[in-house]
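Results of the structural survey
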Amino acid sequence: MLAAMQPTPPVRLLHWEDFPVGHQIDTAGMSVSRDAVVAFAREFDPQPFHTDEEAAKQSLFGGLCASGWHTCAMAMRIMCDGYLLESSSQGSPGIDSLRWLKPVFPGDTLRLCMEVLEARVMNSKPHIGLVRSRWTMRNQHDEPVLTMEGWGMFRRRPTGFDDHADQAAQDT
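Note that residues are indexed from 1 along each chain, following the sequence as it is written. Only residues with pLDDT of at least 70 are given local features in this predicted model, and only at 80 or more are side-chain atom pairs given and counted; all residues enter the totals for whole chains, interfaces and linings. The side-chain numbers reported here are obtained from all heavy atoms of the structure, hydrogens and water having been left aside.

1. Focus on the overall build of the protein chain
The criterion, for reference: Note on conventions: DSSP H or I runs of at least 4 residues are helices, E runs of at least 2 residues are strands, and numbering of each starts at the N terminus. Categorising residues by exposure relies on relative accessible area from a 1.4 Å probe, with only protein chains included: less than 20% of the type maximum marks a residue as buried, more than 50% marks it as exposed, and the intermediate range marks it as partly exposed. Residue contacts are counted whenever heavy atoms from the two residues lie within 4.5 Å of one another. Residue-level accessible areas treat just the shown protein chains as cover; the underlying method is Shrake-Rupley with a 1.4 Å probe.
What the protein chain contains, in helices and strands, is five helices and six strands. Secondary structure elements in the protein chain, listed N-terminal to C-terminal, are β-β-α-α-α-α-β-β-β-β-α. Sorting the 172 residues of the protein chain into buried and exposed places 36% on the buried side. Of all intrachain contacts in the protein chain linking residues separated by at least 6 positions in sequence, the fraction that spans at least 24 positions is 70%. Of the roughly 10,400 Å² of accessible surface on the protein chain, 54% is carried by carbon and sulfur atoms.

Written as C-alpha cells, this is what we have:
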C-alpha cells in the first residue's frame, strides 16, 4: 500500500535580483579533518607540509596544514551549501583576486561571508545578471584565512514573477 503523496512545496530560487550591492550571506561552519587534508594533498598538492606530519613540524607552518587549493575547494563547498544550490547560478567567468592569509589546520572550523560589491545585467545576455562578490573565510578564532573576489552569473527573475505570491505559497 502506497502512502499518500504530499506535494513538495516549490523551492524559491535566488535570482540576480536577490543579490543587491551590500547584501551579505554568512554561512554555517565546516570542520577540517586531518584525513581530508592529507587525502586532498596526496591527490592534488603533495608537498610534505600537507601530507607528512613530521615534515610539517619542520616547515614554516609548524604542523600539518591544508593546501591553499583545498581551502578554495572547501570555500566552494560552503558557498554551494550556503546559497548557490538554492540559486539560479549559471557559473562564473572567473576570480579576480585570491589571497591565502593564514594556514588552515586540521581541527579548524571554517565559515564564509559573501558580500555583494557590484551587480549589473550582462550586456550580451540580458536575461543574466552579473554579481561581483568578496568572500572572506574565517576560522573558529574569527581570523580571516582566505579572501577572494570574483563574479557570479545568475538568471534574472522571470518577467511577471510575483514575489509576494511566491512567499505566501511558502508560508502555507
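2. Some words on the pattern of salt bridges
What counts, and what does not: Take a side-chain nitrogen of Lys or Arg and a carboxyl oxygen of Asp or Glu: if they are within 4 Å of each other, that pair is a salt bridge.
Inspection of the entire model under this criterion finds 14 salt bridges. Across the pair Asp35 and Arg34 runs a salt bridge, and its minimum N-O distance is 3.4 Å. Classification of Asp35 by relative accessible area gives exposed; the value is 58%. The salt bridge partner of Glu118 is Arg120, with a shortest N-O separation of 3.8 Å. A relative accessible area of 29% means that Glu118 is categorised as partly exposed. Here the salt bridges share partners, and the residues they tie into one network are Glu115, Glu118, Arg120, Arg132, Arg134 and Glu149.

3. Thoughts on the nonpolar core
Grouped burial of nonpolar side chains is what soluble globular proteins tend to show. Convention followed: Here, nonpolar core refers to any group of buried Ala, Val, Leu, Ile, Met, Phe, Trp, Tyr and Cys residues whose side-chain atoms link them within 4.5 Å.
By size, the foremost hydrophobic cluster in this structure holds 29 residues, and its most contacted members are Phe19, Met79, Tyr83, Leu110 and Met137. Where this core is concerned, the elements lending two or more residues are helix 1 (34-44), helix 4 (68-82), strand 4 (109-121), strand 5 (128-138) and strand 6 (144-155). Take this core: its biggest share by element is six residues, from helix 4. With five residues, the next largest nonpolar core counts Ile128, Leu130, Trp151 and Met153 among its residues.

4. Let's talk about the environment of Arg111
We apply this condition: By the criterion applied in these results, polar contacts are pairs of N or O atoms within 3.5 Å in which, for protein atoms, one can donate a hydrogen and the other can accept it, and in which residues neighboring in sequence qualify only through two side-chain atoms.
Its place among the elements puts Arg111 in strand 4. Classification of Arg111 by relative accessible area gives partly exposed; the value is 32%. Setting aside its immediate chain neighbours within four residues, Arg111 contacts Thr27, Ala28, Gly29, Thr136, Met137, Arg138 and Asp142. Looking at Arg111, its side chain comes within polar contact range of the side chain of Asp142, at 2.3 Å.

5. Notes on the packing of helix 1 against helix 4
The test is simple: Orientation is described by axes fitted as lines to C-alpha atoms, over the contacting stretch for helices, and by angles from 0 to 180 degrees between their N-to-C directions. The handedness criterion is simple: a crossing whose near helix is rotated anticlockwise from the far helix by less than a right angle is left-handed, and one whose near helix is rotated clockwise is right-handed. Side-chain classes are defined by residue name, with Ala, Val, Leu, Ile, Met, Phe, Trp, Tyr, Cys and Pro counting as nonpolar, Asp, Glu, Lys and Arg as charged, and the others, Gly among them, as polar.
In contact at an axis separation of 9 Å, helix 1 and helix 4 are set at 115° when each is read in the N-to-C sense. Considering the relative orientation of helix 1 and helix 4, their crossing is right-handed. For the pair helix 1 and helix 4, the contacting residues are Ala36, Val37 and Phe40 in the first and Trp69, His70 and Ala73 in the second. Class assignment of the residues belonging to the contact of helix 1 with helix 4 gives a composition of five nonpolar, one polar and no charged.

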